[in-house]
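Secondary and tertiary structure notes
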Amino acid sequence: MPTVSVIMPAYNAAPYIEAAIASVQHQTYTDWELLVVNDCSKDDTAAIVRRLAAEDERIIFLENEKNCGVSFTRNFAVSQAKGTWIAFLDSDDLWREDKLEKQMVQVSRHPDGVLFYTASGFITFDNQPLHYVMPAEEQMTYRMLLRRNLLSCSSVLVRKDVMEQVKMGHDQMHEDYSAWLTILRQYPCAYGINEPLLIYRFTPNSKSGNRLKSARMIYRSYRYVGYPLLAATYLMCRYTFHSVSKRYKIASAK
């Protein structure tokens with residue numbers, strides 16, 4: 001049984017998914033399986049993953065019967081995973097080759113931990129590096145996470161039994177952020193590695209790139225985890241301020 005199950009939702013990911021998968025295959029920590037779930041892509045995503053899965057038995061190709069969105073897709077993949085730990089990697093992001101190794105060392109140092117993450121580096125859609133790193137706190141508490149989300153989904157390592165209980169919410173909010181908030185309400189902290197072991201592909205047209213849409217999604221995330229209207233509005237405004245500042249720094253870091 002693999003120790004780490006890597007979850008990769010894929011929708012129209014043909015331009016980037018082979019590089020994303022290769023960054024998993026090149027990990028110095030080798031005790032993993034990779035579950036790629038094709039969410040009814042209209043491009044060559046399925047053909048690319050099938051070819052790679054035929055060459056590497058650790059790659060497991062799954063498909064949704066209909067387009068279900070990223071939240072359902074991640075939850076479905078978690079239900080099929082065999083590992084003790086779940087790692088998420090979006091199909092356009094990349095890992096540094098020592099990402100899993102360093103996180104599993106951290107797991108051994110914090111046997112109480114259920115949620116781990118790393119700092120994030122950034123590249124453009126055409127692979128140009130951006131000279132900005134989003135840091136990771138050594139310990140991220142619930143109150144800290146309310147102010148500012150440093151937990152990039154593609155950097156996260158989370159215990160499978162915890163993820164099975166929490167699950168991702170719906171796609172009309174920041175489903176991963178609400179999951180981390182829910183987890184940190186129950187556990188003391190997330191442990192971070194302040195190295196950019198994740199390389200996040202910065203695309204201005206992503207769902208978080210539309211500031212108004214992103215603000216609505218953040219508001220729904222706070223409501224989803226139980227905050228009343230006024231408190232959710234206040235938290236949304238504070239979060240949006242930090243988010244706009246971060247996006248400006250990334251966009252300027254060329």
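Preceding block: the structure.
Residues numbered from 1 in each chain as written. Predicted model: local features only at pLDDT ≥ 70, side-chain atom pairs only at ≥ 80, totals over all residues. Heavy atoms only, no water.

1. A word on the nonpolar core
Membership of the largest hydrophobic core comes to 48 residues, with the highest contact counts inside it found for Phe88, Leu115, Leu151, Val158, Trp180 and Tyr222. It is helix 7 (residues 175-186) that contributes the most residues to this core, six residues altogether. (Core = buried A, V, L, I, M, F, W, Y, C linked by side-chain atoms within 4.5 Å. Buried < 20%, exposed > 50% of the residue type's maximum accessible area, 1.4 Å probe, protein only. Helix = DSSP H or I, 4+ residues; strand = E, 2+ residues; numbered from the N terminus.)

2. Digging into empty space enclosed by the protein
All told, the structure shown has two cavities of 30 Å³ or more when counted by the stated rule. As a volume, the second largest cavity reaches approximately 40 Å³. The wall of the second largest cavity is formed by Asp112, Gly113, Val114, Tyr187, Pro188, Cys189 and Tyr191. Class assignment of the residues belonging to the lining of the second largest cavity gives a composition of five nonpolar, one polar and one charged. (1 Å grid on protein atoms, 1.4 Å probe; cavity = no way out; pocket = protein on both sides within 12 Å on 5 of 7 lines; lining within 4 Å. Points joined across faces, edges and corners; volume = space filled by probe spheres on them. Nonpolar A, V, L, I, M, F, W, Y, C, P; charged D, E, K, R; others polar.)

3. Thoughts on the environment of Ser152
Structurally, the position occupied by Ser152 is in the loop between helix 5 (142-147) and strand 9 (157-159). In this structure Ser152 comes out as buried when scored by relative accessible area, which is 12%. Spatially, the C-alpha atom of Ser152 lies 8.1 Å from that of Ala119, the residues being 33 residues apart in sequence. With residues near it in sequence (within four places) discarded, Ser152 still touches Ser120, Met134 and Leu198. (Contact = heavy atoms within 4.5 Å.)

4. Notes on the pattern of salt bridges
Pairing is possible between side chains that carry opposite charge, provided their charged atoms lie close to one another. The tally for this structure, following the rule as stated, stands at 11 salt bridges. A salt bridge links Arg51 to Glu18, with the nearest nitrogen and oxygen atoms 3.0 Å apart. Pair noted here: Arg51 is in helix 2 (residues 45-55) and Glu18 is in helix 1 (residues 17-25), with a separation of 33 residues, a long-range link. Given the relative accessible area of 35%, Glu18 is considered partly exposed. With a shortest N-O distance of 2.9 Å, Arg96 and Glu195 are connected by a salt bridge. Here Arg96, found in the loop between strand 5 (94-95) and helix 4 (99-109), pairs with Glu195, found in strand 10 (residues 190-202); they are 99 residues apart in sequence, far enough to count as distant. We classify Arg96 as partly exposed; its relative accessible area is 30%. (Salt bridge = Lys/Arg side-chain N within 4 Å of Asp/Glu carboxyl O.)

5. Focus: the packing of helix 1 against helix 2
Interhelical geometry of helix 1 versus helix 2 gives an angle of 30° and a closest axis separation of 10 Å. Relative to helix 2, the element helix 1 lies roughly parallel. Between helix 1 and helix 2 the crossing geometry is right-handed. Note on element contacts: helix 2 touches helix 1 through Thr45, Ile48, Val49, Arg51 and Leu52, opposite Ile17, Glu18 and Ile21. (Axes fitted to C-alpha atoms, helices over the stretch in contact; angles between N-to-C directions. Parallel < 35°, antiparallel > 145°, perpendicular 65-115°, else oblique. Left-handed = near helix turned anticlockwise from the far one by under 90°.)

6. Quick notes on the pairing of strand 4 (residues 85-88)
Residues Trp85 and Ala87 line one face of strand 4 and the alternating positions Ile86 and Phe88 line the opposite face, and both faces are buried. With four bridges connecting them, strand 1 (residues 4-10) and strand 4 associate as parallel partners. Residue Ile7 lies in a different strand from strand 4, and its bridge partner there is Phe88. (Pairing = 2+ DSSP bridges.)

7. Remarks on helix 7
Spanning 12 residues, helix 7 covers 18 Å between terminal C-alpha atoms, matching the ideal 16 Å at 1.5 Å per step. Burial analysis of helix 7 places nine of its 12 residues in the buried class, which makes it a mostly covered element. Along helix 7, the residues that are buried comprise Glu175, Asp176, Tyr177, Ser178, Ala179, Trp180, Leu181, Ile183 and Leu184. (Expected span 1.5 Å × (residues − 1).)

8. Focus: unusual backbone geometry
Even without being a glycine, Cys40 presents a positive backbone phi close to 60°. Structurally, Cys40 is set in the loop between strand 2 (32-38) and helix 2. Classification of Cys40 by relative accessible area gives partly exposed; the value is 27%.

9. Overview of the packing of aromatic side chains
Where two aromatic rings form a pair, the distance of their centres and the angle of their planes describe that pair. Counted under the stated rule, the structure contains eight aromatic pairs. These aromatic residues form a ring-pair network of at least three members: Trp85, Phe116 and Tyr191. (Phe/Tyr/Trp six-rings, centres within 6.5 Å; stacked < 30°, edge-to-face > 60°.)

10. Structural notes on the pairing of strand 6 (residues 115-124)
For a regular strand, the rule is simple: side chains alternate between the two faces of the sheet. Most of strand 6 is tucked away: 10 of the 10 residues are buried. The pairing of strand 6 with strand 9 spans two bridges and is classified as antiparallel. Note on strand 9: the bridge partner recorded for Phe116 is Leu157. Two strands pair when backbone bridges link them, and strand 6 and strand 10 are joined in this way by nine bridges, in the parallel orientation.

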